[in-house]
Amino acid sequence: MCRAPVNQFLPMSLVDGPGNRCAIFFQGCNLNCSFCHNPETIKIIHSEEENDDIKFYSVDELFEKVKKIRPFIVGITTSGGECTIHHKFLIQFFKKIKTLNLNILVDTNGLIDLSNENMKELVELTDGFMLDIKALEESSHKRITGSSNKTVLKNMHYLAKLGKLEEIRTVLMSGEDNLKIVDTITKELSPYLKIKNIRYKLISYRPFGVRSEFSDLHSVSDNEKEYLKTVAQKNGFTDIVLI
Ligand code: SF4
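Predicted model only: the values in this text are computed from it and were never measured. (Residues numbered from 1 in each chain as written. Predicted model: local features only at pLDDT ≥ 70, side-chain atom pairs only at ≥ 80, totals over all residues. Heavy atoms only, no water.)

On to helix 7 (residues 222-234), then. Counted at 1.5 Å a residue, the expected span for helix 7 with its 13 residues is 18 Å, and the 18 Å between its end C-alpha atoms agrees. Taken together, the buried positions of helix 7 are Lys 225, Leu 228, Val 231 and Ala 232. Across the axial projection of helix 7, the buried residues extend over an arc of 115°, all falling on one side. Exposed and facing more than 90 degrees away from the buried side of helix 7 are Asp 222, Asn 223 and Lys 234. Those residues of helix 7 hidden inside the fold are in contact with strand 7 (165-172), helix 6 (178-189), strand 8 (199-204) and strand 9 (240-242). Positive backbone phi, approximately 105°, marks Gly 236, located one or two places after helix 7. (Helix = DSSP H or I, 4+ residues; strand = E, 2+ residues; numbered from the N terminus. Expected span 1.5 Å × (residues − 1). Buried < 20%, exposed > 50% of the residue type's maximum accessible area, 1.4 Å probe, protein only. Arc of directions from axis to C-beta. Contact = heavy atoms within 4.5 Å.)

What follows is the structure, given as structure tokens:
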């Protein structure tokens, strides 16, 4: 039987996509970001390591939890860690969720190539993806996350073309060329906005709880954030959220 580890089940959330949603945070991640604020969700664990904080669920068990709260939510969002590492579980789970007529969003770091044949069904079942663009330059992405961003950028175009890119997010850190990131990304995505509106969340870097080599960094000023917003607007984005 297909089972997956869940770190947190939030019956109702107003910050994980539009409307009141159930947010499910799966355990385990395929990245190791230096500024991860949920490092406890990174470790990939096996069923014998289940504990009070991390529970393994079957598809039916997790479905029943969502079914109980169906009247109060408009959709579900799966997150992590990195939920797409559990794609076989998600495919079965989403098939059942569809019977409840709920909207399905997936929050992802984009490290798994979603155009792969084995991910096709997951993409079809998902209404929208929320994708982290952690850096533009490969060297910066490797420094921040330990991995290349080639697949992340490939996924960004792939999902936008399909009309399945709900939201992109960038953490604004001092020392990074934030103007180049925002300008380049919004220019590249601009042609797809006529297929589907894409929200861009520009998130202030917060140095609390990060690794020591990143604790001296800080976010950009409010003025710079406002300026970056105008850059995204100039490139056609209308839904920009500053956090
Ligand atoms: S992708 Fe997210 S959960 Fe995974 S290490 Fe990076 S910040 Fe943490």
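Okay, the packing of helix 1 (residues 59-68) against helix 2 (residues 87-98) next. If you want to describe how two helices pack, look at the angle between their axes and the distance between the axes. Packing of helix 1 against helix 2 brings their axes to within 10 Å, and their N-to-C directions diverge by 40°. As summarised for this structure, helix 1 and helix 2 are arranged oblique, according to the angle between their axes. As for the relative orientation of helix 1 and helix 2, their crossing is right-handed in sense. Only Phe 89, Gln 92, Phe 93, Lys 96 and Ile 97 of helix 2 make contact with helix 1, whose side of the interface consists of Val 59, Asp 60, Leu 62, Phe 63 and Val 66. Split by residue class, the contact of helix 1 with helix 2 holds 7 nonpolar, 1 polar and 2 charged. (Axes fitted to C-alpha atoms, helices over the stretch in contact; angles between N-to-C directions. Parallel < 35°, antiparallel > 145°, perpendicular 65-115°, else oblique. Left-handed = near helix turned anticlockwise from the far one by under 90°. Nonpolar A, V, L, I, M, F, W, Y, C, P; charged D, E, K, R; others polar.)

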